[in-house]
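Analysis of the macromolecular model
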Amino acid sequence: MTIKDFKQGQAVYSLEKNHNTKSKYCINEYVVVSIGRKYVKAAPKNSQNYPKEFYMNNITDEYLYENRDWGYREMLFLTKEAAEGYIEKEALLFWLRNLTHYLRDDKYSLEQLREVKKILEEE
């Protein structure tokens, strides 16, 4: 994904971290206000007076980062499905990390570990 994939007036989706509720993330609908060489400016759908700037951090990312140097940065996705996919991916990675925690390393046989390695290394 690149900045050129965004169009002015397009509906996009911001993913922000929730600290006060049970759900870990919150998806908000934004509207693209303007597009520059370096930044995409987008504002919440209901209030376009105060747009936020988003930039591309890494060419392999599927989202743009909010341009600020404090706190949790919002991420801007082209579609709601992409934002939901990011949440699911994070949950699966967390599950996998817990599954392979060092306290549980004797739970799996050598054959099981070989099969997992084979699946994860496929390209």
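Everything below is about the structure shown above.
Residues numbered from 1 in each chain as written. Predicted model: local features only at pLDDT ≥ 70, side-chain atom pairs only at ≥ 80, totals over all residues. Heavy atoms only, no water.

**Some thoughts on the pattern of salt bridges**
With the rule as written, the count across this model stands at five salt bridges. In this structure, the salt-bridge partner of glutamate 66 is arginine 68, at a minimum N-O distance of 3.6 Å. By relative accessible area, arginine 68 is classed as partly exposed at 22%. With a shortest N-O distance of 3.3 Å, arginine 114 and glutamate 111 are connected by a salt bridge. On the criterion of helical spacing, the pair formed by arginine 114 and glutamate 111 is a turn pair, its members being three residues apart in helix α2 (residues 110-121). Using a relative accessible area of 47% as the deciding quantity, one classes arginine 114 as partly exposed. (Salt bridge = Lys/Arg side-chain N within 4 Å of Asp/Glu carboxyl O. Buried < 20%, exposed > 50% of the residue type's maximum accessible area, 1.4 Å probe, protein only. Helix = DSSP H or I, 4+ residues; strand = E, 2+ residues; numbered from the N terminus.)

**Observations regarding the nonpolar core**
Of all hydrophobic cores here, the largest spans 10 residues; its members are Ile3, Phe6, Val12, Tyr30, Val32, Val40, Ala42, Phe54, Leu64 and Leu76. Setting aside its immediate chain neighbours within four residues, tyrosine 30 contacts Gln10, Ala11, Val12, Ser14, Ala42, Ala43, Pro44, Lys45, Lys52, Phe54, Glu74 and Leu76. By size, the runner-up hydrophobic cluster in this structure holds nine residues, among which are Leu15, Tyr25, Tyr63 and Phe77. (Core = buried A, V, L, I, M, F, W, Y, C linked by side-chain atoms within 4.5 Å. Contact = heavy atoms within 4.5 Å.)

**Observations regarding the sheet that holds strand β1 (residues 11-17)**
The strand order β1-β2-β3-β4-β5-β6 describes a closed barrel built from six strands, whose pairing is antiparallel. On average, adjacent strands in this sheet sit at an angle of 40° to one another, irrespective of strand direction. Packing of helix α1 (residues 80-99) onto the sheet brings it into contact with β1, β2 (25-35) and β6 (75-77), and relative to β2 it is tilted by some 140°. (Pairing = 2+ DSSP bridges. Axes fitted to C-alpha atoms, helices over the stretch in contact; angles between N-to-C directions.)

**Let's talk about the packing of aromatic side chains**
Under the definition given, this model contains eight aromatic pairs. When the centroid spacing of 6.3 Å and the interplanar angle of 80° are considered together, the rings of tyrosine 25 and tyrosine 86 count as edge-to-face. A residue pair is termed long-range when its members are at least 10 positions apart, and tyrosine 25 in strand β2 and tyrosine 86 in helix α1 qualify at 61 residues. In this structure, tyrosine 25 and tyrosine 86 share a single accessibility class: buried. With a centroid separation of 5.3 Å and 85° between ring planes, the pair formed by tyrosine 63 and tyrosine 65 is classed as edge-to-face. Aromatic ring contacts, followed pair by pair, group Tyr25, Tyr39, Tyr55, Tyr63, Tyr65, Phe77 and Tyr86 into a single cluster. Over the ring of tryptophan 70 we find arginine 68, and its NZ or CZ is 4.2 Å from the ring centre. (Phe/Tyr/Trp six-rings, centres within 6.5 Å; stacked < 30°, edge-to-face > 60°. Lys NZ or Arg CZ within 6 Å of the ring centre and 35° of its normal.)

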